[in-house]
Amino acid sequence: MLLIPLTRINEVAIAGYKKLRETEQASTATINLELAMVSHLLHKAVEWGWINNMPCRIVKEQLEESDKIYLTKEQVNDLIESAKHDQNPQIYMFIRIGFETAMRKMEILSIKLKDIHLENNRIYIPDAKAGARMQPITAGLAEQLKTYIENLKRENPLAEWLFPSATAKNGHTIDIRKAFVRCVQRANLDIEKVTPHTMRHTAITHLVQNGVDLLTVQHISGHKTLKMVQHYFHQNGKHIDDAMSKLEKAYKTTSQKD
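Below is a summary of the structure that appears in this document. Within every chain, residues take consecutive numbers counted from 1 along the sequence as written. With the structure being a predicted model, the display of local features is reserved for residues of pLDDT at least 70 and the display and counting of side-chain atom pairs for 80 or more, all residues being used for whole-chain, interface and lining totals. Side-chain metrics rest on all non-hydrogen atoms present in the structure, leaving aside hydrogens and water.

### Concerning the nonpolar core
Then, number 1: In terms of nonpolar packing, the biggest core is built from 40 residues, with Leu-79, Phe-94, Ile-95, Ile-97 and Leu-162 touching the most fellow members.
Then, number 2: Comment: elements are numbered from the N terminus, with helices defined as DSSP H or I runs of at least four residues and strands as E runs of at least two. Of all elements in the fold, only helix H3 (73-84), helix H4 (91-101), helix H5 (105-109), strand E2 (122-125), helix H6 (139-155) and helix H7 (177-186) reach the threshold of two or more residues within this core.
Then, number 3: The leading source of residues in this core is H4, at seven residues.
Then, number 4: For Phe-94, the residues in contact, after removing those within four places along its chain, are Lys-105, Ile-108, Leu-109, Phe-163, Ile-176, Phe-180, Pro-196 and Met-199.
Then, number 5: Of all hydrophobic cores here, the second largest spans 11 residues; its members include Ile-14, Val-46, Cys-56 and Ile-58. What makes a nonpolar core is a set of buried Ala, Val, Leu, Ile, Met, Phe, Trp, Tyr and Cys residues whose side-chain atoms join them at distances within 4.5 Å. Buried means the residue's accessible area, taken with a 1.4 Å probe over protein chains only, is under 20% of the maximum for its type, while exposed means over 50%, and partly exposed covers the values in between. For this analysis, residues touch if any pair of their heavy atoms sits within 4.5 Å.

This is the structure in structure tokens:
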């Protein structure tokens, strides 16, 4: 086993580790899972004061389109149900928000209570990747958030964050990976393929498959360009078969008129 002191972890060391795992024929998904664990441990080291700041930026390997997955409705429900029974009190709401908004992981974990607008089903995201935006949320999620926030404020009247953390320097949870993995395992899903980003990928995919126009999907997902949204348009989904059925029906109708 190769042991590296925290002070010697840098971009070069991370790149060398990636190369080593590739030569060992580890899958891209496996390498990304391992990198996520390294990132989590480094964040903990910062929280505990072992190091002053993150020594480097850990960039995951780019997955091929064939490696990206999205969950079925049944799998989504299984994962949400699994989260209800986890010991982490934050994971259920984290997963609900992920599936019902398509928000990125850190966008979710960084939500401030003052930025949640339940009266019009919106969450303000001031530091989004593509610029500040008002994030639409479902009516059902708004009801869940109302109850969650009420309970949160009863326990901590001075709460500022939706996912507060007493041990984090910035005041909110920054990594929820361990609880997420437990929920994925409990739902009988593949922990190497199902990550927090899978929730975003799933939500956007289902929006597209249910006929939502791409401009609206872009507004919901917060992507910079329409081209980025098109990556979620899978070529082998049920929506393709439904479209072909409509085409067939149109031709039959035309033929009958003739």
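### As for unusual backbone geometry
Then, number 1: With phi around 70°, Ala-102 is a residue other than glycine that occupies positive phi space.
Then, number 2: Within the element layout of this structure, Ala-102 appears in the loop between H4 and H5.
Then, number 3: What makes Ala-102 buried here is its relative accessible area of 0%.
Then, number 4: Of note, the phi angle at Asn-188 is positive, near 60°, even though the residue is not glycine.
Then, number 5: Within the element layout of this structure, Asn-188 appears in the loop between H7 and helix H8 (196-209).

### Comments concerning the packing of aromatic side chains
Then, number 1: To pair, rings of Phe, Tyr and Trp, with the six-membered ring standing in for Trp, must have centres within 6.5 Å; the planes then decide the type, stacked if under 30 degrees apart, edge-to-face if over 60, and tilted in the middle. Tallied over the full model, the rule gives two aromatic pairs.
Then, number 2: Relative to Phe-163, the ring of Tyr-148 has its centre 6.1 Å away and its plane inclined at 55°; by these criteria the two rings are tilted. Placement of the pair is Tyr-148 in helix H6 and Phe-163 in the loop between H6 and H7, with a sequence separation of 15 residues. Exposure class is identical for Tyr-148 and Phe-163. Each is buried.

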